[in-house]
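Each chain, written out:
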Amino acid sequence: MKWLPTLLLVIALPASAQTLDSMVERELPSLLNTYKQFHATPELSMQEKNTSSTLATRLREIGYDVAYPVGKYADSAAPCYGVVAVMKNGPGPTILIRSDMDALPVTEQTGLAYASKVKTKNVTGEEVGVMHACGHDLHMTTLLGTAKILALTKDRWQGTLILIGQPAEEVVKGAAALLNDRLYERFGRPSKVVAFHDSATLEAGKIGYTPGFFMASGDSVNLTIRGVGGHGASPQSTKDPIVLASETILGLQTIISRESSPLDPVVITVGSIHGGTKRNIIPDEVRLLMTVRTYKPEVRKRVLSSIERVARGLAIAAGVPENLAPQFELLEHESIGSTYNDPELTEGLAATLKQGLGDGNVVKMDPLMVSEDVNLYGLDRQIPIAMLSLGAVDPSLMASGSPLPSLHSSRFAPLPEPAIRAGVKGMTLMVWSLMPK
């Protein structure tokens, strides 16, 4: 009977839902303006100074105790612009709601009246366009709307509410930075963590849920294929790393097709190849930059080991000397584990949402191979997590049958009004269910 409070809430929903609907509608015009402001003024990961300041100020105005800035990066002296807002409302559970804040180095091409025109310099000093191409502006707006309604309905819930504005999600550093700054010791350890991530395949106004594995682990790997360079007209006197790199790229795919169970998803993508300077020169080395996606920790470990083994074995077969064996580098600071939605928590929240939003607006979804750092708040599954999908797609686009712009696309444009409405109402209902009065 663990979900008895949720079930009691569901029974009471018809009387309260109308009140909640009217509250959301009153806030919606202001929230839409906030969304457009966030969208038009994005900031890159680890540069979210103005975005975080705005979020912190707004949460203080609503009545939360706000700590800002919070966070310490383990591998950088850069300031960390984390926002932690707390509202204590008597005895009860501690629930954490997380939103991310950072944008991407993408030049927007949506044609929206409030499209980003921001340009800035990235970490290498290159000028880039900046865009909220992953919907973090939608996440922040939903967080603020939920924060406002929960502050106005303290008679409906009790306990301690922690709201997080997290920087640097896109580079999977923000959650670790907040925890590194003693997040739970300073503000309280939550009993559950809840979050939204917008979806580029789900209709705006709907919410999706995925019990169990929801997002994959993501590992960044650099693989340097070494050889013996020389003249392009005399390949017999060389050990050509370009040919070997080509064989390696194809060989790595057999890790998926012949070493992995078809029931354990694996993705190995070589996204960048660097080698050579001139068409008639065989170089000494080629660098492969790749991303590796898996779900299960044991599969993750085996696949990474296999990448190193396959590369070394092909080099031996090509006659490359042992002292020039491939160099395998796992970038720990750019790697993150999989996101696992606690099944009981997720199914319970889905039941609440179906009662509050209607069965047709709550959809069970397939897991994804993209990655997130929200899983770190769960401390290796010690704390149950549920990240749900917030629909963002214009229904007319879905009905057209045309290809939909994906997350991270320069043309990704959420339909904000129904998405914000569903997000604020849905998150409020979930908090009420988890923190019943």
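## A closer look at the side chain of N89
For step 1, the next point in the chain: One can find N89 in strand β2 (residues 82-89).
For step 2, the next point in the chain: Relative accessible area serves as the criterion here: at 12%, N89 is assigned to the buried category.
For step 3, the next point in the chain: A polar contact is formed between the side chain of N89 and the backbone oxygen of K154, at a distance of 2.9 Å.
For step 4, the next point in the chain: The residues touching N89, leaving out its near neighbours within four places in the chain, are K154, W157, Q158, G159 and K437.

## Quick notes on empty space enclosed by the protein
For step 1, the next point in the chain: Applying the stated rule across the entire model yields one cavity of 30 Å³ or more.
For step 2, the next point in the chain: Roughly 80 Å³ of volume is contained in the largest cavity.
For step 3, the next point in the chain: Forming the walls of the largest cavity are I97, R98, S99, L138, H139, T142, L143, T146, F196, L390 and M427.
For step 4, the next point in the chain: If you tally residues by element for the lining of the largest cavity, the top one is helix α3 (residues 136-152), at five residues.
For step 5, the next point in the chain: A breakdown of the residues in the lining of the largest cavity according to their chemical character gives six nonpolar, four polar and one charged.

## Section: the state of the cysteines
For step 1, the next point in the chain: Across all of its chains, the model carries zero disulfides by this definition.
For step 2, the next point in the chain: No disulfide involves C80; its sulfur sits 18 Å from that of C134, the nearest cysteine.
For step 3, the next point in the chain: According to the relative accessible area criterion, C80 is buried, its value standing at 5%.
For step 4, the next point in the chain: By relative accessible area, which is 6% here, C134 ends up buried.

## Regarding the environment of G71
For step 1, the next point in the chain: Here G71 is to be found in the loop between β1 (65-70) and β2.
For step 2, the next point in the chain: G71 sits in the buried class, given a relative accessible area of 16%.
For step 3, the next point in the chain: Note: C-alpha distance between G71 and R182 (111 residues apart in sequence) is 8.3 Å.
For step 4, the next point in the chain: Setting aside residues up to four positions removed in sequence, G71 forms contacts with C80, A177, L178 and D181.

## What to know about the environment of P326
For step 1, the next point in the chain: Its location among the elements puts P326 in the loop between α7 (297-317) and β15 (327-336).
For step 2, the next point in the chain: Put simply, P326 and T248 are 78 residues apart on the chain and 10 Å apart in space, counted from C-alpha to C-alpha.
For step 3, the next point in the chain: Those residues in contact with P326 that sit more than four places away from it in its chain are L223, T224, I225, A311, R312 and A315.

## With respect to the confidence of the model for the chain
For step 1, the next point in the chain: Scored by pLDDT, the chain comes out at a mean of 95, with 96% of its residues at no less than 70.
For step 2, the next point in the chain: Overall, residues 1-16 carries pLDDT values under 50, and its contacts beyond four positions in sequence, including any with other chains, amount to 25 contacts.

## Observations regarding the layout of surface pockets
Summary: where empty space remains is shown by rolling a probe the size of a single water molecule over the atoms.
For step 1, the next point in the chain: In this structure, the largest pocket encloses a volume near 1300 Å³.
For step 2, the next point in the chain: Lining the largest pocket are 48 residues, and of these L104, E170, V171, R293 and H408 lie nearest its centre.
For step 3, the next point in the chain: Taken together, the elements giving at least two residues each to the lining of the largest pocket come down to β7 (192-203), β9 (212-215), β10 (217-226), β12 (266-275), β14 (285-294) and β15.
For step 4, the next point in the chain: The residue makeup of the lining of the largest pocket, split by class, is 21 nonpolar, 18 polar and nine charged.

## Points about the pairing of β14
For step 1, the next point in the chain: Only one face of β14 is buried, namely the one carrying V286, L288, M290, V292 and T294, since none of E285, R287, L289, T291 and R293 on the opposite face is buried.
For step 2, the next point in the chain: Note that β10 and β14 share 10 bridges and pair antiparallel. Pairing of D219 across the sheet is with V292, part of β14.
For step 3, the next point in the chain: Sheet topology note: the β12/β14 ladder contains nine bridges and is antiparallel. Considered in β14, the bridge of V267 is made with R293.

## Some words on the sheet that holds strand β18 (residues 385-393)
For step 1, the next point in the chain: With mixed pairing, eight strands are arranged side by side in an open sheet as β1-β2-β6-β3-β7-β18-β8-β17. A strand with exactly one partner marks an edge of an open sheet, and here the two such strands are β1 and β17 (362-364). Within the sheet, the average angular offset between the axes of one strand and its neighbour, ignoring direction, is 25°.
For step 2, the next point in the chain: Relative to β7, strand β3 (residues 94-100) is paired through four bridges, and the arrangement is parallel. Paired with L96 across the bridge in β7 is V193.
For step 3, the next point in the chain: Most of the contacts of helix α2 (residues 49-62) go to β1, to which it runs at about 165°, and overall it touches β1, β2 and β6 (159-166).
For step 4, the next point in the chain: Docked against the sheet, helix α10 (residues 416-434) engages β3, β6, β7, β8 (207-209) and β18, running at close to 155° with respect to β7.

## Points about the pattern of salt bridges
For step 1, the next point in the chain: Tallied over the full model, the rule gives 16 salt bridges.
For step 2, the next point in the chain: The shortest N-O distance in the salt bridge between K206 and E203 comes to 4.0 Å.
For step 3, the next point in the chain: The partly exposed category is assigned to K206, whose relative accessible area is 21%.
For step 4, the next point in the chain: The partly exposed category is assigned to E203, whose relative accessible area is 27%.
For step 5, the next point in the chain: Between E417 and R421 there is a salt bridge whose closest N-O contact spans 3.0 Å. Taken together, the residues E417 and R421, both in helix α10 and four residues apart, mark about one turn of the helix.
For step 6, the next point in the chain: Here the residues in one salt-bridge network are R98, D100, E372 and D373, joined through shared partners.

## So, the sheet that holds β12
For step 1, the next point in the chain: Reading across from one edge, β12-β14-β10-β15 is the order of the four strands in this open sheet, with antiparallel pairing throughout. Only two strands of the sheet have a single partner each, and these edge strands are β12 and β15. For this sheet the average axis-to-axis angle between neighbouring strands, irrespective of direction, equals 20°.
For step 2, the next point in the chain: Pairing between β10 and β15: six bridges, direction antiparallel. By the bridge assignment for β15, L223 is matched with F328.

About the thresholds
Residues numbered from 1 in each chain as written. Predicted model: local features only at pLDDT ≥ 70, side-chain atom pairs only at ≥ 80, totals over all residues. Heavy atoms only, no water. Helix = DSSP H or I, 4+ residues; strand = E, 2+ residues; numbered from the N terminus. Buried < 20%, exposed > 50% of the residue type's maximum accessible area, 1.4 Å probe, protein only. Polar contact = N/O pair within 3.5 Å; in protein donor to acceptor, adjacent residues only side chain to side chain. Contact = heavy atoms within 4.5 Å. 1 Å grid on protein atoms, 1.4 Å probe; cavity = no way out; pocket = protein on both sides within 12 Å on 5 of 7 lines; lining within 4 Å. Points joined across faces, edges and corners; volume = space filled by probe spheres on them. Nonpolar A, V, L, I, M, F, W, Y, C, P; charged D, E, K, R; others polar. Disulfide = S-S within 2.5 Å. pLDDT = per-residue confidence, 0-100. Pairing = 2+ DSSP bridges. Axes fitted to C-alpha atoms, helices over the stretch in contact; angles between N-to-C directions. Salt bridge = Lys/Arg side-chain N within 4 Å of Asp/Glu carboxyl O.

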